[in-house]
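Examination of the molecular architecture
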Amino acid sequence: MRLSEAGGRAVATEINGMFKSVDTALFDAARLAATIMETNAASAVPPAHLQGALDSAAAGFAKLVEGRKDMVQMHRKLAYIKGESQHRETDWGCFGDDEPRGMLKTSAPIEA
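Below is a short write-up of the structure. Worth saying up front: this structure is predicted, and the values here are computed from it rather than measured.

Counting secondary structure elements, the chain contains 2 helices and 0 strands. Within the chain, buried positions represent 21% of all 112 residues. At a minimum sequence separation of 6, the contacts of the chain that also span at least 24 residues come to 65%. Here the chain has roughly 7,400 Å² of accessible surface; of this, 60% comes from carbon and sulfur atoms.

This is how it looks when you write it as structure tokens:
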């Protein structure tokens, strides 16, 4: 299969940016939960009142982690496509491009 080199490089750049953004969001969500708990330690909020906020924070964090997992799967599928193209040995600066075929550590085809 033939892929556009310019398009491949653009996709690699977007993938890197996407993971940085999600990882920053995960860090921020974890820090917010810790700040809520630190603030609560110096406050007098009843546990039942705080529980709803903690539940929501935990649910939001879990959704971010799940979304990141989906992005990893998408990236694996794109890496497989690249590995089957004329650019399989081209390093576009994307995660996994250090492999000989430009593939991620798992080189088996990913089921859709």
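So, on to helix 2 (residues 47-83). Taking 1.5 Å per residue, 37 residues should reach 54 Å; helix 2 reaches 53 Å between its end C-alpha atoms and fits that length. Lining the buried residues of helix 2 we find helix 1 (5-41).

Cut-offs and rules
Residues numbered from 1 in each chain as written. Predicted model: local features only at pLDDT ≥ 70, side-chain atom pairs only at ≥ 80, totals over all residues. Heavy atoms only, no water. Helix = DSSP H or I, 4+ residues; strand = E, 2+ residues; numbered from the N terminus. Buried < 20%, exposed > 50% of the residue type's maximum accessible area, 1.4 Å probe, protein only. Contact = heavy atoms within 4.5 Å. Areas by Shrake-Rupley, 256 points an atom, 1.4 Å probe, with all protein chains shown as cover. Expected span 1.5 Å × (residues − 1).

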